[in-house]
Amino acid sequence: MNRNPMRWTVLPVLLGVATTLTAAQPTPFTNQSKPMKAHVRILAVSSSSHQSFAGDQDTYLADVSTKDNEHQFVKLVDQYPGFGLPIRPDLLRNQQVFEMEVTREPECDAHASDIYLRPSDSVLYDGSVRDTLNTHAADAIPCYKTLHQTIKLAKK
C-alpha cells in the first residue's frame, strides 16, 4: 500500500527541473555566440534551400557592419519558416541596407573557393563579389545566421 502519495508527485517535478537546468547550461558542443544588431547589404545570393515542412534558408554573400562601423565580407544564412517568403528580389537589386540580428556561427564558415555562385549574374548585386572570392580563394569567409523575423529596412 502506498503510504506517501506526495512522493510520486514530487519526484517527476524534481526530475523535470533538473533536466531543464541541465539543458540550459552551455556546453562545449553548443555555439556560445550572442545575437548582435548589424547593418547588412546583400551582395549576392549564393544558394537557397526550400523544404517547406522543415523551413527554408537562403545563403547570401553580404557586407555586415556592426555598431563599431567595422565592415566584414560574410556568408549570411537567413532562416525562415516554410510558409515564409524570402527577402524581395527588388530590395536586393536596389542594394537596400537592412537592420537585423546576426549570430556568428563558426561551424558554417567556408573557404572562398568553396562558395557557390550561379554562372549568370542574375543574383549578383555587386560586381566585385566574384573578384573578391577569386582573390581570397584560400581565405575562410565567416558565417553568420539570422532569423528572418529580425530583418527590417535600415533607416536612412
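Small disclaimer: the values here were computed from a predicted structure and weren't measured. (Residues numbered from 1 in each chain as written. Predicted model: local features only at pLDDT ≥ 70, side-chain atom pairs only at ≥ 80, totals over all residues. Heavy atoms only, no water.)

**A few points about the overall build of the chain**
Alright, step 1. In terms of helices and strands, the chain carries three helices and eight strands.
Alright, step 2. Looking at the chain as a whole, 33% of its 156 residues qualify as buried.
Alright, step 3. Across the chain, every contact between residues at least 6 apart in sequence was considered, and the portion connecting residues at least 24 apart equals 70%.
Alright, step 4. In the form shown here, the chain has an accessible surface area of approximately 10400 Å², with 58% of it arising from carbon and sulfur atoms. (Helix = DSSP H or I, 4+ residues; strand = E, 2+ residues; numbered from the N terminus. Buried < 20%, exposed > 50% of the residue type's maximum accessible area, 1.4 Å probe, protein only. Contact = heavy atoms within 4.5 Å. Areas by Shrake-Rupley, 256 points an atom, 1.4 Å probe, with all protein chains shown as cover.)

**With respect to the state of the cysteines**
Alright, step 1. Applying the stated criterion across every chain yields a total of one disulfide.
Alright, step 2. Two residues share a disulfide in this structure: C108 and C143, whose sulfurs sit 1.8 Å from each other. Across the S-S bond of C108 and C143 the torsion is about -80°, and the bridge reads as left-handed. With C108 in the loop between β4 (97-104) and β5 (110-111) and C143 in strand β7 (residues 143-147), the pair connects residues that are 35 residues apart, well separated along the chain.
Alright, step 3. C143 sits in the buried class, given a relative accessible area of 0%. (Disulfide = S-S within 2.5 Å.)

**What to know about the nonpolar core**
Alright, step 1. Judged by nonpolar contacts, the single largest core of 19 residues is most densely connected at V40, I42, L76, L92 and F98.
Alright, step 2. Elements represented by at least two residues in this core include exactly β1 (36-50), β2 (56-65), β3 (71-80), α2 (89-93) and β4.
Alright, step 3. If you tally residues by element for this core, the top one is β1, at four residues.
Alright, step 4. Not counting chain neighbours up to four residues away, the residues in contact with I42 comprise Y60, L61, A62, L76, L92, F98 and Y125. (Core = buried A, V, L, I, M, F, W, Y, C linked by side-chain atoms within 4.5 Å.)

**A few points about the side chain of S65**
Alright, step 1. Mapped onto the secondary structure, S65 falls in strand β2.
Alright, step 2. Ignoring sequence-local partners within four residues, the contact set of S65 consists of A38, H39, E70 and H71.

**Digging into the packing of aromatic side chains**
Alright, step 1. As enumerated under the stated definition, the model contains zero aromatic pairs in all.
Alright, step 2. The positively charged end of R104 is found above the aromatic ring belonging to Y144, 5.7 Å away from the centroid. (Phe/Tyr/Trp six-rings, centres within 6.5 Å; stacked < 30°, edge-to-face > 60°. Lys NZ or Arg CZ within 6 Å of the ring centre and 35° of its normal.)

**A closer look at unusual backbone geometry**
Alright, step 1. Even without being a glycine, N69 presents a positive backbone phi close to 60°.
Alright, step 2. Positionally, N69 belongs in the loop between β2 and β3.
Alright, step 3. Looking at N69, the relative accessible area reads 53%, which means it is exposed.
Alright, step 4. Phi is positive for Q95, which is not a glycine, with a value near 50°.
Alright, step 5. Mapped onto the elements of the fold, Q95 is located in the loop between α2 and β4.
Alright, step 6. For Q95, a relative accessible area of 26% puts it in the partly exposed group.

The analysis is restricted to geometry; functional conclusions fall outside its scope.
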